[in-house]
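# Structural overview
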Amino acid sequence: MILITGGSGQLSTLIAQRASEKGLRFLVGSHKAADQEAGKRRIDFDDPHSLDFSDVETLFMVSAGYEEDDVVIARHDAVIGAAERQGVRHIVYTSLIGAGDHLGFALAHRWTERRLQQSAMSWTILRNGLYAELIGALAAPAGGVIRAPFGTGRISSVAREDLADAAVTVLCDPAAHANVIYELAGTQGWTIPQLAERLGATFLPDTLSEARSKLSTPPLLPFQPPMLMSIYSASAAGFLQAQSTDLLRLIKTTPRDTLELAAVIASEVSGLS
Ligand SMILES: NC(=O)c1ccc[n+]([C@@H]2O[C@H](COP(=O)([O-])OP(=O)(O)OC[C@H]3O[C@@H](n4cnc5c(N)ncnc54)[C@H](OP(=O)(O)O)[C@@H]3O)[C@@H](O)[C@H]2O)c1
């Protein structure tokens, strides 16, 4: 049996839809699942008593990354430890693209990768690129101007839907992907000036200092501004371009047009559509 965690999330929802279309037998874990909900288990990474992996051969572990590093590391350690003790054979983990090493949330991903590699289970690490949907939302223009300080370098982002397709390829035959790290970042990048042109907007980036002061007002949680600032800094310094054919290998078709996808999301966020 496969168990897919993070069931209420956008990525897990897409993976579960595709797994269902492929006829895979699976359960969905979610910290929001009610007890006895059909096809679901309540799996809360923060509650050790909920980590029931009985009858689970392959655990698809979606990172639960919206927290400080110590919390995320403790969560992931608890899940991997419980899976080891309960006889799970294989864990597929959604990590972060190698080009994202300078991002503020990379550390917890790399810690989790190392913890998995040191376990007795087999594993597959899906190093997901930054979502095109996320870049589009962050770069949404206000009054026709994009202020987000991404710089002018190429960003290799990826559509959640392509990541879900790649995930299901692995779930269809986990053993064929045992102990492999995949870099899933799409094959081409684009720049924020290109996005601005697509939207008919102007790119007038703030300085990092200006962006940080805009982020320091509620409702952001304390750990969020540094995370977002690290995306701007890494992009402006040209670290978010990645070249890999791993996504093509797993989805076996042309990846979705991420510039178009980011433009659609940016328009929605700006209220232009
Ligand atoms: N590559 C990127 O650009 C990018 C961007 C943002 C986030 N991420 C990471 O990728 C993951 C999936 O992305 P997404 O877009 O699907 O995120 P999302 O829609 O915001 O969903 C949040 C995810 O966090 C999980 N979660 C929250 N609290 C949890 C807990 N206590 N125990 C277990 N899971 C918990 C949720 O699962 P439940 O059903 O259990 O609530 C859900 O899967 C995120 O959680 C984050 O770690 C990646």
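Above this text is the structure in question.
Predicted model only: the values in this text are computed from it and were never measured.

With that settled, consider the side chain of R115. Here R115 lies in helix α3 (residues 106-117). Given a relative accessible area of 17%, R115 falls into the buried group. At a separation of 2.9 Å, a polar atom in the side chain of R115 contacts the side chain of E84.

This next bit is on the packing of aromatic side chains. Under the definition given, this model contains one aromatic pair. Arranged with centres 5.2 Å apart and planes meeting at 90°, the rings of F150 and Y232 form a pair that is edge-to-face. Within this pair, whereas F150 is found in the loop between β7 (145-146) and α5 (160-172), its partner Y232 is found in helix α8 (residues 224-236), the two being separated by 82 residues in sequence. Y232 matches F150 in its accessibility class, with the two residues each being buried.

Along the polypeptide, D162 turns up in helix α5. Each residue touching D162, except ones within four places of it in the same chain, is listed here: L247, I251, P255 and R256.

Surrounding the ligand, one finds 21 residues, the nearest of these being S8, L11, S30, H31 and S63. Note that an oxygen atom of the ligand is positioned 2.8 Å from one of the backbone N or O atoms of G6. Measuring from an oxygen atom of the ligand, one finds a side-chain N or O atom of R160 at 2.9 Å. Its free accessible area being 860 Å², the ligand has 87% of it covered by the protein chains. Residues that form the shell around the ligand fall into these classes: eight nonpolar, ten polar and three charged.

Under the criterion given, the structure shown has 20 salt bridges. Put simply, E161 and R18 hold a salt bridge, and the shortest N to O gap is 2.9 Å. Pair noted here: E161 is in helix α5 and R18 is in helix α1 (residues 10-21), with a separation of 143 residues, a long-range link. With a relative accessible area of 33%, E161 lands in the partly exposed category. Exposure remark for R18: the relative accessible area of 11% places this residue in the buried category. By sharing partners, the salt bridges in this structure join R18, E161, D162, D165 and R256 into a single network.

Moving on, we come to helix α10 (residues 258-270). Compared with an ideal rise of 1.5 Å per residue, which puts 13 residues at 18 Å, α10 spans 18 Å between its outermost C-alpha atoms and is within 8% of the ideal. Looking only at α10, the buried set comprises T258, L259, A262, A263, I265, A266 and S267. Near the N-terminus of α10, the side chain that reaches the backbone nitrogen of L259, with its oxygen 3.1 Å away, is that of D257. Residue G271 follows α10 closely and has a positive phi angle near 75°.

Further remarks concern the packing of helix α2 (residues 69-85) against α3. Following both chains from N to C, one finds α2 and α3 inclined at 20°, their axes separated by 9 Å at the closest point. Considered as vectors, α2 and α3 are oriented roughly parallel to each other. In this structure, the crossing between α2 and α3 has a hand that is right-handed. For the pair α2 and α3, the contacting residues are D69, V72, I73, H76, D77, I80, G81 and E84 in the first and L107, A108, W111, T112, R115 and L116 in the second. Class assignment of the residues belonging to the contact of α2 with α3 gives a composition of seven nonpolar, three polar and four charged.

Criteria and cut-off values
- Residues numbered from 1 in each chain as written.
- Predicted model: local features only at pLDDT ≥ 70, side-chain atom pairs only at ≥ 80, totals over all residues.
- Heavy atoms only, no water.
- Helix = DSSP H or I, 4+ residues; strand = E, 2+ residues; numbered from the N terminus.
- Buried < 20%, exposed > 50% of the residue type's maximum accessible area, 1.4 Å probe, protein only.
- Polar contact = N/O pair within 3.5 Å; in protein donor to acceptor, adjacent residues only side chain to side chain.
- Phe/Tyr/Trp six-rings, centres within 6.5 Å; stacked < 30°, edge-to-face > 60°.
- Contact = heavy atoms within 4.5 Å.
- Near = heavy atom within 4 Å.
- Areas by Shrake-Rupley, 256 points an atom, 1.4 Å probe, with all protein chains shown as cover.
- Nonpolar A, V, L, I, M, F, W, Y, C, P; charged D, E, K, R; others polar.
- Salt bridge = Lys/Arg side-chain N within 4 Å of Asp/Glu carboxyl O.
- Expected span 1.5 Å × (residues − 1).
- Axes fitted to C-alpha atoms, helices over the stretch in contact; angles between N-to-C directions.
- Parallel < 35°, antiparallel > 145°, perpendicular 65-115°, else oblique.
- Left-handed = near helix turned anticlockwise from the far one by under 90°.

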